Structures are given as structure tokens and as C-alpha cells.
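Structural overview for review
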2 protein chains.
Amino acid sequence: MKALFCDAGGIRPLEAETPAPRRGEALIKVRVAGICRTDLELAKGYMNFVGIPGHEFVGEVAALSAEDAGQAQGWIGRRVVGEINCGCGHCEFCRAGLERHCPERTVLGISGRDGALAEFLTLPLGNLHFVPDNLPDQSAVFVEPLAAALEIFEQVRIGPDSRVLVIGDGKLGLLICRVLQIHGCDLLCIGKHDNKMALLQNWGIKAVPPQDYWPDRRDYVIEASGSPSGFGLAVQALKPRGTLILKSTYHGAMNLDTAPLVIQEITIVGSRCGPFAPALNLLTQKLIPTDDLITAVYPARDLLNAFEYASRSEAIKVLIQFV
Amino acid sequence: MKALFCDAGGIRPLEAETPAPRRGEALIKVRVAGICRTDLELAKGYMNFVGIPGHEFVGEVAALSAEDAGQAQGWIGRRVVGEINCGCGHCEFCRAGLERHCPERTVLGISGRDGALAEFLTLPLGNLHFVPDNLPDQSAVFVEPLAAALEIFEQVRIGPDSRVLVIGDGKLGLLICRVLQIHGCDLLCIGKHDNKMALLQNWGIKAVPPQDYWPDRRDYVIEASGSPSGFGLAVQALKPRGTLILKSTYHGAMNLDTAPLVIQEITIVGSRCGPFAPALNLLTQKLIPTDDLITAVYPARDLLNAFEYASRSEAIKVLIQFV
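Overview of the structure. Note that this is a predicted model, so its numbers are computed, not measured.

Some details on the overall build of chain A
Of the regular secondary structure elements, chain A holds 10 helices and 19 strands. Here the C-alpha atoms of chain A give a radius of gyration of 20 Å, agreeing with the 20 Å that 2.2 N^0.38 yields for 323 residues. Per-residue burial for chain A yields a buried fraction of 60% across its 323 residues. Here the contacts in chain A between residues at least 6 apart in sequence split such that 68% fall between residues at least 24 apart. Of the charged side chains in chain A, 31 are positive and 36 negative, and the gap between their average positions amounts to 3 Å.

Comments concerning the interface of chain A and chain B
Contacts between chain A and chain B engage 41 residues on the former and 41 residues on the latter. Roughly 3400 Å² is buried in total at the junction of chain A and chain B, and carbon and sulfur atoms are behind 57% of that figure. Taken together, chain A and chain B are joined by 4 salt bridges. For the salt bridge of Glu 92 of chain A with Lys 239 of chain B, the shortest nitrogen-to-oxygen distance reads 3.4 Å. Secondary structure elements with two or more residues in the side of chain A that touches chain B: α2 (92-95), α4 (143-155), β15 (238-246), β16 (254-256), α8 (259-263) and β17 (267-270) of chain A. Of the residues assigned to the side of chain A that touches chain B, the class counts are 19 nonpolar, 11 polar and 11 charged.

Some words on the packing of aromatic side chains
Applying the stated criterion to the full structure yields 4 aromatic pairs over all chains. Ring centres of Trp 75 of chain B and Phe 130 of chain B lie 5.2 Å apart, and the angle between their planes is 50°; this geometry places the pair in the tilted category. With Trp 75 of chain B in the loop between β4 (56-64) and β5 (79-82) and Phe 130 of chain B in strand β10 (residues 128-130), the pair connects residues that are 55 residues apart, well separated along the chain. Ring centres of Tyr 298 of chain B and Tyr 309 of chain B lie 6.1 Å apart, and the angle between their planes is 45°; on these two criteria the pair is classed as tilted. One end of the pair, Tyr 298 of chain B, is in strand β18 (residues 294-299); the other, Tyr 309 of chain B, is in helix α10 (residues 303-310), and 11 residues separate them in sequence. When its relative accessible area of 14% is taken as the criterion, Tyr 309 of chain B is described as buried. Just above the ring of Phe 130 of chain A sits the side chain of Arg 78 of chain A; from NZ or CZ to the centre is 3.7 Å.

Considering the sheet that holds strand β12 (residues 186-190) of chain B
Here we have 12 strands laid out as an open sheet, ordered β13(A)-β12(A)-β11(A)-β14(A)-β15(A)-β17(A)-β17(B)-β15(B)-β14(B)-β11(B)-β12(B)-β13(B), and mixed in their pairing. Only two strands of the sheet have a single partner each, and these edge strands are β13 (206-208) of chain A together with β13 (206-208) of chain B. Recorded for the sheet is a direction-independent mean angle of 20° between the axes of neighbouring strands. Strands β11 (163-167), β12 (186-190) and β14 (218-223) of chain A of the sheet are contacted by helix α5 (residues 171-181) of chain A, whose axis makes an angle of about 165° with β11 of chain A.

Describing the pattern of salt bridges
Under the counting rule described, the total for this entry stands at 38 salt bridges over all chains. For Arg 241 of chain A, the salt bridge is made with Glu 151 of chain B, and the minimal N-O distance between the two is 2.7 Å. You can see Arg 241 of chain A sitting in strand β15 and its partner Glu 151 of chain B sitting in helix α4 (residues 143-155), one on each of two chains. A relative accessible area of 29% means that Arg 241 of chain A is categorised as partly exposed. Under the relative-accessibility criterion, Glu 151 of chain B is labelled buried at 0%. One salt-bridge network, in which partners are shared between bridges, spans Arg 31, Glu 60, Arg 79 and Asp 137 of chain A.

Some words on the environment of Asp 7 of chain A
All names here are of chain A. Within the secondary structure, Asp 7 is located in strand β1 (residues 2-7). For Asp 7, the contacting residues outside a window of four places in its chain are Arg 12, Phe 49 and Val 50. Only 3.4 Å separates the side chain of Asp 7 from the side chain of Arg 12, close enough to count as a polar contact.

So, the relation of the copies chain A and chain B
In screw terms, the move from chain A to chain B is a rotation of 180° and a rise of 0.0 Å along the axis, fitting with an RMSD of 0.0 Å. Between the two chains, the operation in question is that of a two-fold axis. With an isologous cut-off of 70% or more, the 100% of interface residues of chain A that recur at the interface of chain B puts this contact in the isologous class.

Examining α4 of chain A
Residues and elements named next belong to chain A. With 13 residues, α4 extends 19 Å between its outermost C-alpha atoms, agreeing within 8% with the 18 Å of an ideal straight helix rising 1.5 Å per residue. At Ala 149, α4 shows its maximal kink, close to 30°. Of all 13 residues making up α4, 10 are buried, and the element is well covered by its neighbours. Within the span of α4, buried status applies to Val 143, Glu 144, Pro 145, Leu 146, Ala 147, Ala 148, Ala 149, Leu 150, Glu 151 and Ile 152.

Considering the pairing of strand β2 (residues 10-15) of chain B
All names here are of chain B. Across 6 bridges, the pairing between strand β1 (residues 2-7) and β2 is antiparallel. Bridge pairing in β2 places Asp 7 opposite Gly 10. Where β1 folds back on β2, the antiparallel hairpin that results is connected by 2 residues.

Examining the packing of α4 of chain A against helix α9 (residues 276-284) of chain A
Residues and elements named next belong to chain A. As a packed pair, α4 and α9 sit with axes 8 Å apart at the nearest point and diverge in direction by 115°. On the basis of their axis angle, the class for α4 and α9 is roughly perpendicular. Note that α4 runs across α9; the crossing there is right-handed. Of α9, the residues touching α4 (which contributes Val 143, Glu 144, Leu 146, Ala 147 and Leu 150) are Phe 276, Pro 278, Ala 279, Leu 280, Leu 282 and Leu 283. Considered class by class, the residues forming the contact of α4 with α9 number 10 nonpolar, no polar and 1 charged.

What counts and what doesn't
- Residues numbered from 1 in each chain as written.
- Chains lettered and ligands numbered in written order.
- Predicted model: local features only at pLDDT ≥ 70, side-chain atom pairs only at ≥ 80, totals over all residues.
- Heavy atoms only, no water.
- Helix = DSSP H or I, 4+ residues; strand = E, 2+ residues; numbered from the N terminus.
- Rg over C-alpha atoms; globule rule 2.2 N^0.38 Å.
- Buried < 20%, exposed > 50% of the residue type's maximum accessible area, 1.4 Å probe, protein only.
- Contact = heavy atoms within 4.5 Å.
- Lys, Arg positive; Asp, Glu negative; His and termini not counted.
- Charge placed at Lys NZ, Arg CZ, Asp CG, Glu CD.
- Buried area = accessible area lost by both parts, 1.4 Å probe.
- Salt bridge = Lys/Arg side-chain N within 4 Å of Asp/Glu carboxyl O.
- Nonpolar A, V, L, I, M, F, W, Y, C, P; charged D, E, K, R; others polar.
- Phe/Tyr/Trp six-rings, centres within 6.5 Å; stacked < 30°, edge-to-face > 60°.
- Lys NZ or Arg CZ within 6 Å of the ring centre and 35° of its normal.
- Pairing = 2+ DSSP bridges.
- Axes fitted to C-alpha atoms, helices over the stretch in contact; angles between N-to-C directions.
- Polar contact = N/O pair within 3.5 Å; in protein donor to acceptor, adjacent residues only side chain to side chain.
- Least-squares fit on C-alpha atoms with pLDDT ≥ 70 in both.
- Expected span 1.5 Å × (residues − 1).
- Bend = angle between axes of the 7 residues up to and from the residue.
- Parallel < 35°, antiparallel > 145°, perpendicular 65-115°, else oblique.
- Left-handed = near helix turned anticlockwise from the far one by under 90°.

Purely geometric numbers; function is a separate question.
What follows is the structure in C-alpha cells.
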């Protein structure tokens, strides 16, 4: 099968073997996959990942393992999206429904498990969610990053009267803005890219470049720029006892003055993967439109070009159409 | 009056003028003062403080301003402790009872206001708490650091079934351990000083040196060591979604890898000054004994020697007895 492959040497196309589903797993034929900033970071060495990257996809179930043949009828041909963390199933986190924090987990296209930038992938049946018929592939593929945006509400109580700043107008920053917008709070985004800022303006969301922002004591700041300067700006932008939500992982260490965190009693909340079910709901009800987030759709034969284009600063979401 | 004075040149004794209380303020004759790690940091340049350091004291009201002479009878001669943050009185924080986060605040012996390492100081009447007659000076002087320990419970919900690690066996770390101990939670302290570790053992609190600790997924870690290595250890010691409470300010920036914070969805809570009333309650009811925390008591004429001794690693609380 066609795939992209990532190791210490970077990223390259590969003709890979189609994986075989293990007991409890489905073989999934990828229909559409998306490229995320984490994929670009993996290609630069983040997580020392070796394998097929990609964790945003919509696909259809192509096969189950021989052991699960009895339940095949309910699965084969169904259109699905899939949670990317695969837990051990019996530790305290898995038992609490928090497979995404299982210390033994594999993560689709990120850690210990080949991912979605390929024609086929495998995932446990328990990770899959059926996609409603009226939700098109090119919208369903946003469920994973939208879930990551919704994770913020799993962790902190942002009130409708909260004053919120989002730093970063990248793919995730834009989705976070969309989610916050329907929440009703006072929202401002700091961005650096003309086309993305224009998009925010189109949506009716206030957006300014960093040089035009003057710290105005926000209750919440969401750092989604992935840049150390974004972190410093976030701390300055918060009111005392405010909360900084860290959505970006930086590759490497950064220099941080912790004194303001203590003096201002700032809370920092690291935030990663989120719940799929509400993300599917929002997409299906068209409460989070996604069409204008798609900058380009590449065919499967252009996987590497798609990846290279996704790293350009003007790109928002780059999709790969496999079928 | 005898005082210590701190500026860019370090710390030195000074014969200073007795301050005059302004309207709404009391002149307080210091009876006993304590030396805190923050005072040692100020002497090294932290906060660029210029003035008389010191913010732990018990004293008695010596005078009010001429404008407040009418209410003098209720105040003069009363034994008091005093909250150290002096707010503007009308911003959103002051109105919410959070003077300690007023952006215009002065802070006794730390920022914009002379402190307690002197025979006299001034504070607003609203900052003062009367000291019950049965609470001796040498115990009442612990109210400020004990309030800082209690601040943790103002900010996070540590349950009686939580597993908590305290990093640091300094003055504040020991008080935090005492407060957590009466809370009933599973408690471990990591320390480096034989005499302080022995004290913890005497109290029935488990304590180990860093090299004997193996990360065991704590719900809460309280960083009170003031060392960057303590921060790194804290992140390792936490379970996913655990909470790190930062009680130490480091002078200068530190190098920090933020990826684990996001991946493990760690929460970091900066924590500073706390509520005086419950601290006074605990001290008055003898629920937090303090006698064995006092390493030395110096007379006022030995202010500089007291300060120098307080910087030694074996010192716990060093007090100065003014009267």
C-alpha cells in the first residue's frame, strides 16, 4: 500500500505492506486523512517516531481478525473515525475511561503504532465511532483536532462571561476559536498569517497581530502557537489567578521565568487529546463548519507533496483523498 | 531605630528613622520577626528591592495617625500580626477580597514598603489581626508562612485520599508537611538536610533523600525546594493529569521541557500568600506546633548575624527578638 514513512532521516514515501488486524482490531481502509502540525514535528525528530505518521482520518472497516469474524457483519463497510490512543485496557487510567493516559498506550501515527498517512491502518474496535451518513468525509476528518479543542472544556470551567485569548492562528488555534465562539465568551485571537486572520474576521472573531496586542488581563489564555514567545506573551496577558492552557508541544526545552507564575498565582493546564463523541455531534449538526479550513486536497499518489505543502505557513488543513 | 537595609549592594544594618503612620495605618512596634528564604533572595537582588526587608512579625500597635486618633483606644497596645499585601482598595481584586493580587499593591518588606526587620513598621489597620492572649510571640510569628502553606487548600482540592509529595525540607516545606499531615493524606517529603529530615521523622512523616525516591505517580506534588532540579523531579513524580503546586520562586529563568506537561496533561498552580485567619486558628489551637522549627533566636542588636545565620543550610527558622 502507499504510505509515508518517518524516521531519523526525515519523511519519505514508501510502498508498505498492508497491516493485518489483530484480535479485537479492525483493518480500516483510509478514505480521507489530514496532516497535523504534530506530523510535521515528528518528521523533524519529535518523539523519535519511526513508522507511518498520521492520526486524523475517516475510513471504512475493511476486515476484522479471524478471531472476530463472528461480528464482522456489524462492522464491514461501515464508515468510521477512530480515537488515536490505544490503552492496555486494565490499568487505573483505562478503567477510568482515560485510555489516552494509559502509560502502556500506543498512539496512532505518534507512538508505537503506524498511522493514517497510508491506504490502510488498524485500530481496536473499541476506538472506533461510526460516522453519520449525512457527515461528509472532508468534514468528519476534523473530528480528532476538534476533539483536542474540546478537551479544554473537559479540563477547565470557561464561563460564558470569561475573557479568553487564543494565541496562534494555526489549524488547532482556528478550531479552538470556533469552539470558543459558540460558547459565547469574550474572545480575541493573536495571529501572524494574513489568510488565517482574514478567516477569523470572516467568522466574526476579533484577531490582531502580536504587535497590536496590549496585555488586558484575560481570565484564560490558550497557547496554540507552538512558539516559546507565545508562552511568554500568554503569561503577560493573564490576570492574576488566570489560567494558561497549553495546547502546543514544543520540540526541545525552553527558557522560562517561573517567578511570575508564583507571584500571580497562575495556573497552567497541559491539554492534549479530547473526546470524540461531542466533536462528532458538533460536526454532524454543522455547528463547526470546516470547509474554509481546507487549503488543499491531494490524491494519494501525491502524499509527499501534500506533506511538504502542509509545512508552508499559508497552509491550513491539508487533506489526502485516498478513495 | 535599628533595622536591616537591602539594596543592589546587598544587606547591611542601618540606624533608620522611625516611620510615621499615614491615615488608616498603624505604627507597630515589632516584638518578634522571622527571616524567610525570600528575604535571603531579596538580599541577592530578587525583585530589585531597596528598603528594609522582612514580612514575618508579631508586634504591638504603638500609634495611629493624627487623623485616626479617635479610634486609638481600641488599637494602642494590642498585639497584632499583619497581612503583608497592601491593596489600592478599589480595583476588582481588592473588591473581591484579593488585595494580595492588587496590581497597585505594596508588599511589606518585599515591594514598595519597608518591612519587619526593624524596630517599627507601618501597615494599614485593615491588614491587622489581633493575636489571642494564649498564643506566644514565638508561635504567632509563624502565621505568615503558615498562611502561605494553607493557600494550597484555597487553590486546589487535595482530598484525604490523595497521594501527595512535598519536594523540599526548608522552612516552608516543613510547614506544608505539617498542614498536609493533619489533612490525613498519603504524604512523602523529599529532603536533603539531615536535621530537617530527622524532624520530619520525629513528626511521623515519611522523608527520603532524592536519590532514594522512585517516581510513584503522585496526585499532587508541591515544589518547595526552590531548585530547578526540584521542578524536573516534580513533573516526573506526577501521575497523568496530576497537579504540581509551585511554592518557590526561583531568581532567574530556568530551562523547561514543556512537552511532558501537555502529553501528561499536567496542571501547574503557582501559589503565594495565604489566608491569615485559619493560620491563626491552627496556631492558637496548637494544631501546628512550631517550637522545634526555631533554630535560633537573636537579639535586635545582632540583626546582621541573624540574617547571615539564616542563610546556612542547617538553619530552619531564625527569629529576632526585639522586646
